[in-house]
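Letter by letter, the chains look like this.
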Amino acid sequence: MGKMIKSKSFQSLFLSLLLIICLSTIPYKKALTFQLENTGKVLVYIPLGENPEFKIKYTHSIHLSDVVESYKITTKDEIKQVELEFSDFSIGMPENASDGEIFEQKNGKYYIKNMNRLFPYFDLRTGKVRANHTVMFNNKNYPLNEYIEPGTWVRIKVTKMNLYQQWKGVNIIGG
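The sections below set out a description of the structure shown in this document. No experiment lies behind these values; they were computed from the predicted model shown.

1. Things to note about the layout of surface pockets
- Estimates place the volume of the largest pocket at around 240 Å³.
- At the level of secondary structure, the elements contributing two or more residues to the lining of the largest pocket comprise β3 (53-59), β4 (66-73), β5 (79-86), β10 (134-137) and β11 (140-143).
- Roughly 150 Å³ of volume is contained in the second largest pocket.
- Class assignment for the residues of the lining of the second largest pocket results in six nonpolar, three polar and two charged.

In structure tokens form, the structure reads like this:
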């Protein structure tokens, strides 16, 4: 009888562990991920929750002023650029809005609004010298060089993550 109880206890323990392992591999949490190049390896992530909007701010390498790109996540998990803010018309900056977009000048800054540029993902090389790429999310700033080696090529993508991926990656807003 003692062996039967030990056998059932072992089976219960084994099945519980198997269930935990299986559940930890099922993607369920939507996050904005910063992946190493095109490998799919998540370096850092931001859980999206109810606020699927973010901005990326950086210092332009030529005219040395701030540029802010604003994005929203669509219901199809695409990244939609909705606005661009900048201070200088210089190399690498647009001179006007495209079809359907709105160009504004306000308080010494230029804005291109009503943008509808959709991306399944986009790539970024984090700045080594002065770019200071910063993710702005829920009114807080998260400098990428605090989480990712400067000069690293990252792929920014919306991904459903499982528990295992969350344990391996770094949650920017959770530390």
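2. Regarding the packing of aromatic side chains
- This model, assessed by the stated rule, comprises five aromatic pairs.
- Residues Y71 and F122 carry aromatic rings whose centres are separated by 5.1 Å and whose planes lie at 20 degrees to one another, so their mutual orientation is stacked. Taken together, the residues span a long stretch of sequence, with Y71 in strand β4 and F122 in strand β9 (residues 121-125) at a distance of 51 residues. Both residues of the pair, Y71 and F122, belong to the buried class.
- Aromatic side chains F103 and Y110 sit 6.0 Å apart centroid to centroid with 20 degrees between the ring planes, which places their arrangement in the stacked category.
- Through successive ring pairs, a cluster of aromatic residues spans F54, Y71, F119 and F122.
- One Lys or Arg, K106, reaches over the ring of Y111 and ends 5.6 Å from the middle of that ring.

3. Remarks on unusual backbone geometry
- A positive phi angle, close to 60 degrees, is found at N114, a residue other than glycine.
- Secondary-structure assignment places N114 in the loop between β7 (109-113) and β8 (117-119).
- For N132, which is not glycine, the phi dihedral falls at a positive 50 degrees.
- The topology assignment puts N132 in the loop between β9 and β10.
- For N132, a relative accessible area of 45% translates into the label partly exposed.

4. Side note on the pattern of salt bridges
- Following the criterion strictly, the structure yields seven salt bridges and no others.
- The salt bridge partner of K72 is E53, with a shortest N-O separation of 3.9 Å. With a gap of 19 residues between them, K72 in strand β4 and E53 in strand β3 connect regions that are remote in the sequence.
- Classification of E53 by relative accessible area gives partly exposed; the value is 40%.
- In this structure, the salt-bridge partner of K109 is E85, at a minimum N-O distance of 3.8 Å. Taken together, the positions of K109 in strand β7 and E85 in strand β5 put the pair 24 residues apart, joining distant regions of the chain.
- Judged by its relative accessible area of 25%, K109 is partly exposed.
- Taking the relative accessible area as the measure of exposure, E85 reaches 18% and is therefore buried.

What counts, and at which threshold
- Residues numbered from 1 in each chain as written.
- Predicted model: local features only at pLDDT ≥ 70, side-chain atom pairs only at ≥ 80, totals over all residues.
- Heavy atoms only, no water.
- 1 Å grid on protein atoms, 1.4 Å probe; cavity = no way out; pocket = protein on both sides within 12 Å on 5 of 7 lines; lining within 4 Å.
- Points joined across faces, edges and corners; volume = space filled by probe spheres on them.
- Helix = DSSP H or I, 4+ residues; strand = E, 2+ residues; numbered from the N terminus.
- Nonpolar A, V, L, I, M, F, W, Y, C, P; charged D, E, K, R; others polar.
- Phe/Tyr/Trp six-rings, centres within 6.5 Å; stacked < 30°, edge-to-face > 60°.
- Buried < 20%, exposed > 50% of the residue type's maximum accessible area, 1.4 Å probe, protein only.
- Lys NZ or Arg CZ within 6 Å of the ring centre and 35° of its normal.
- Salt bridge = Lys/Arg side-chain N within 4 Å of Asp/Glu carboxyl O.

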